[in-house]
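Take a look at the letters that make up each chain.
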Amino acid sequence: DVECLFYLDGRAFGVAGTTFFEFFDDDTFVVRGTVANDGIDLATICSGGSASTPNMLIISGSEGYTYTLATNTLSAPLGGFFPTNPVMCEFFAGYFMVLDRNTRSISWSNLEDPSTWDALDVIETSWAGDNVQFIKRYGTKIWCGGTQTSQVLYATGGVEVFAPAQESLIEHGCVARFTGQRTASGVACLDQGERGVGQVVLYPGLQGTEISTYSINLEQATNLGLLNASYAFCLEMEGHDWFVLNNRNPENTFRLTPVFDFTERLWHHWAHWDPSTSKWIPFRGQCHTTSFERQYIGDRLTGAVYDFAFANLSDELVDVP
């Protein structure tokens, strides 16, 4: 399956299984190297652009890799003081940031250098005791969604580099780390807290607002015990800004894929028709990127990348390993 797609300044990349690849606007691709795959987490990619060297950081299969655009070189798994069990990455204020699995620890690299890490360059969220599920930049802050609460970090401009924003301990957490996504309206995720689990919550600021309806919450309730395998991605097309929610567990009971339209403030569903079984199956997209002025979707069932548009009636346009 395609776990991650990423685009910045004219170059597009992805991770499909153990394959790290680059794809182009003529619907061709080149394999750029091999990465680890643990079958649990989705891969993540971030970049410091032309200012950083190397330019990109990839987290896949609990390993970290760097990629240099000028030489098309993928590094060996990072060692030294790089986090021992990385789960995802983000770039903010000149630093590459990595979340260490099942901890409250977030590490950052040397300035503009994802290959160099210091054991002292780490912050541990401490206003509450729960572990951090995801990190996501939104605006000029880093959102740290925990298992029961959330906290927000900002760049201090001082020697401590990052610190928690005042009044930013929020009584909402996240049950599935890869549902934590940056939308045009704020950070959204599949919620979890001491009072319950399964609502979709949007954070336009330091307060969470439920955006799921009773019927969407009921769909989540049928998946209790499997919600931690949920994921989401966002895309904007023809004036609509969508939050697409799905589940990676093969035993999930989603018949259709819930999608929230931020433009209309309404939920609807996406699905594929399977002619072999004469049944609807959940939407096959697992990740998204806007590249070359087009929308691309990574398939959750195969290694295919689709050119996603209302005008396209075929599911087989671009294919990668």
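Notes on the structure follow. Numbers given for residues are sequential positions, taken from 1 along each chain in its written order. pLDDT decides what is reported in this predicted model: residues at 70 or higher carry local features, side-chain atom pairs at 80 or more are listed and counted, and totals for whole chains, interfaces and linings draw on all residues regardless. As a rule here, side-chain values come from all non-hydrogen atoms in the structure, and water together with hydrogens is ignored.

## Quick look at the sheet that holds strand 12 (residues 113-124)
Stated formally: Two strands are counted as paired when DSSP detects at least two bridges linking them. The helix count covers DSSP runs of H or I at least four residues long, the strand count covers runs of E at least two residues long, and both are numbered beginning at the N terminus. Inter-axis angles, ranging from 0 to 180 degrees, are taken between N-to-C directions of lines fitted to C-alpha atoms, where helices are fitted over the stretch in contact.
Taken in spatial order, the 4 strands make up an open sheet running 9-10-11-12, and their pairing is antiparallel. Of all strands in the sheet, those with a lone pairing partner are strand 9 (86-92) and strand 12, marking the two edges. Between one strand and the next, the sheet's axes are offset by a mean angle of 30 degrees, whatever the strand orientation. With 3 bridges joining them, strand 10 (residues 95-100) and strand 11 (residues 105-110) adopt antiparallel strand pairing. Counted as the bridge partner of Leu99 is Ile106 from strand 11.

## A few points about the pattern of salt bridges
The criterion, for reference: Salt bridge criterion: a side-chain nitrogen from Lys or Arg within 4 Å of a carboxyl oxygen from Asp or Glu. Relative accessibility thresholds used throughout: buried, under 20% of the residue-type maximum; exposed, over 50%; partly exposed, between the two (1.4 Å probe, protein chains only).
According to the stated counting rule, one finds 11 salt bridges in the structure shown. Residue Asp307 is joined to Arg294 by a salt bridge in which the shortest nitrogen-to-oxygen separation is 2.6 Å. On the criterion of sequence distance, the pair formed by Asp307 in strand 29 (residues 304-307) and Arg294 in strand 28 (residues 294-299) is long-range, its members being 13 residues apart. Given the relative accessible area of 22%, Arg294 is considered partly exposed.

## Thoughts on the nonpolar core
Heads up, the condition is: Among buried residues, those of type Ala, Val, Leu, Ile, Met, Phe, Trp, Tyr and Cys that are joined through side-chain atoms within 4.5 Å constitute a nonpolar core.
Grouped together as the largest cluster of nonpolar side chains are 41 residues, with contacts concentrated most on Met97, Ile106, Ile135, Val244 and Trp270. A total of 4 residues in this core trace back to one element, the largest contributor, which is strand 22 (residues 230-237). Membership of the second largest hydrophobic core comes to 16 residues, among which are Val175, Ala176, Ala232 and Phe262.

## Notes on the pairing of strand 4 (residues 29-34)
Summarising the sheet, strand 3 (residues 19-23) and strand 4 pair through 5 bridges and their orientation is antiparallel. Bridge pairing in strand 4 places Glu22 opposite Val30. If you look at the hairpin formed by strand 3 and strand 4, you'll find 5 residues sitting between the two strands, and Asp27 has a positive phi there, around 70 degrees.

## A closer look at the side chain of Lys136
This is how it is decided: Counted as positive: Lys and Arg. Counted as negative: Asp and Glu. His and the chain ends are not counted at all.
Note on placement: Lys136 falls in strand 13 (residues 132-138). Buried Lys136, no salt bridge; nearest opposite-charge side chain is Glu90, N-O distance 4.5 Å.

## Observations concerning the pairing of strand 11
Taken across its 6 residues, strand 11 has 5 buried, putting it largely inside the fold. Connecting the antiparallel pair strand 11 and strand 12 is a turn made up of 2 residues, with Glu112 showing a positive phi of about 60 degrees.

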